[in-house]
Every structure is written in C-alpha cells, then in structure tokens.
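Now for the letters of each chain:
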Amino acid sequence: MDKKQILIVDDEIEIADLIEIYLVNEGYSVLKAYSGVDALKILDKESIQLVILDIMMPGIDGLEVCRRIRKEKNIPILIVSAKSEDMDKILGLTIGADDYITKPFNPLELLARVKSQLRRYLYLSPQPTNHLEEDAINMNGLIINKETHRITLFNQEINLTPIEFDILLLLASSPGKVFTVDEIFQKVWKEDYLESDNTVRVHIRKIREKMEIDSKQPFFIKTVWGVGYKFEIPV
C-alpha cells in the first residue's frame, strides 16, 4: 500500500522536525514547508493526503493558506497553533480546518487526530459503485451518497469537508432524532472533548451556509434549544 503523504507547515523548524519523527515512525511519508508560499507550491506539485498547519508564519499566514487550500481541495487540515483562545479556534474551523490543537501538544494526541482525519478522508476516493440505492440517503431532493461522499441538493452538488459530511450523515441517518453536541462530537470525532460545543457549532454553521437557502432559518438541520440538533425531512 502506498504511504500516505502528510505536509507539515510550520516556520519553527524544531517543531516541524519533531512532528516528522513521530509521523515517519508511524509509516507516513512527510514533506515540510517553513512558509505559506512554500506550502502552496508543494500542494500544487505533490499528492498530499493531510496538512498539519501552523497559523503564525511570516508572509502568507496559516489562515490564508487554509483558505486557499479549501478553494481547491477537500483534504483534511489540522491546525497546530500557539493561539489558544476560543475565537482563534472558531476562526480556524470557520475558514475550513477540520481540527485544531494548541501548542504545546502531546505528540501522541496529535498522532491520534491525524489517524482519525485520514480514516475519514480516505472514504472520499472510493471505487465506483453500482449500488446507489443501498449506499445513498435520498429524501425530497437531497441525496447523500455514503460510498462516494457526494451530496446533491435538487441536482446541485454540495461540497462539504470530511468532518462536515460525517456530521450531516449522522443527523440525516436518524431524521427527527435530537443529538446533543457531545453526542455529535463523540460519534464523529470518536473521542471525548471538553470543548466540543464550539467545535460542533462552527461545523453546523458551515454546513447550513453551504446547503440552506437561509442559514439563519435552516430547512434541514434544526436547533433544539438547550439540547442539540436534529435533521428534519422537508415536506
């Protein structure tokens, strides 16, 4: 099996080298960039399955790199940053990052998050299937194909990140069921996380912006105040 290739983007060489050691020991192929410009050049030339991205870099910062990646690619982006305020995390997730971990970090936790994101992303490029009905949720104009991770709404394709897709699939697979934010985080991220509330809400907001006519008056994903979220089948 080909090695999965990960791009580390961090202007702190020691940190990039440390992350590389752990990833290589786990069997991953690693490329490193010490600036946003170099990272974008590598992404244009190489097949990258996941990006580990610092925010604070000279020139093009990590947030701008994240924005540019998201314009063209759905690969997982894991932000690793010294900026630990909630608003920094929310901003990172809002512009397209799939996960956010703060420095200093436990390398084993970083590895666990990398593996989780890669498992999810690998479903984006499966072999074609002829069993559409078995592998898709089809309800009143919305089709969610579990096999290809392709979503169409009234024949218009909706582009979601891997995390966003998994959240939508979870909710749409049980219409009417109310999921708490903790349940959503545990089922999608496969871990307990005390700060799951903001993380889940940011991703829900992004899903609504992409598929709802009016994200402030959602048609599909409803907020159950004080409890969580549920998916409703349009009638």
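Residues numbered from 1 in each chain as written. Predicted model: local features only at pLDDT ≥ 70, side-chain atom pairs only at ≥ 80, totals over all residues. Heavy atoms only, no water.

The protein chain is annotated in an unreviewed UniProt entry as Stage 0 sporulation protein A homolog from Anaerovirgula multivorans.

## Details of the overall build of the protein chain
When helices and strands are counted, the protein chain shows nine helices and twelve strands. Against the 2.2 N^0.38 benchmark of 18 Å for 235 residues, the protein chain shows a C-alpha radius of gyration of 18 Å, consistent with a compact globule. Projected onto its principal axes, the C-alpha coordinates of the protein chain cover approximately 55 × 40 × 30 Å. Summarising the internal contacts of the protein chain: among those between residues at least 6 apart in sequence, 56% fall at separations of at least 24. Per element, the accessible surface of the protein chain, about 12,300 Å² overall, is 50% carbon and sulfur. Separation of charge centres in the protein chain, based on 30 positive and 38 negative side chains, amounts to 3 Å. (Helix = DSSP H or I, 4+ residues; strand = E, 2+ residues; numbered from the N terminus. Rg over C-alpha atoms; globule rule 2.2 N^0.38 Å. Contact = heavy atoms within 4.5 Å. Areas by Shrake-Rupley, 256 points an atom, 1.4 Å probe, with all protein chains shown as cover. Lys, Arg positive; Asp, Glu negative; His and termini not counted. Charge placed at Lys NZ, Arg CZ, Asp CG, Glu CD.)

## Description of the pattern of salt bridges
Taken as a whole, this structure holds 16 salt bridges when the rule is applied. Residues E64 and R67 are paired through a salt bridge, measuring 3.4 Å at the closest nitrogen-oxygen approach. In this pair, E64 and R67 both sit in helix α3 (residues 62-72), three residues apart, roughly one turn of the helix. Classification of R67 as partly exposed rests on a relative accessible area of 35%. Here the salt bridges share partners, and the residues they tie into one network are D10, E12, D54 and K103. (Salt bridge = Lys/Arg side-chain N within 4 Å of Asp/Glu carboxyl O. Buried < 20%, exposed > 50% of the residue type's maximum accessible area, 1.4 Å probe, protein only.)

## Quick notes on the pairing of strand β4 (residues 77-81)
Among the five residues of β4, five are classified as buried, and the element is accordingly described as predominantly covered. One crossover worth recording links strand β3 (residues 50-53) to the parallel β4 by way of α3, and it is right-handed. Tracing the backbone out of β4, into helix α4 (residues 86-94) and back to the parallel element strand β5 (residues 99-102) gives a crossover that is right-handed. (Right-handed = clockwise from strand over helix to strand, strands pointing away.)

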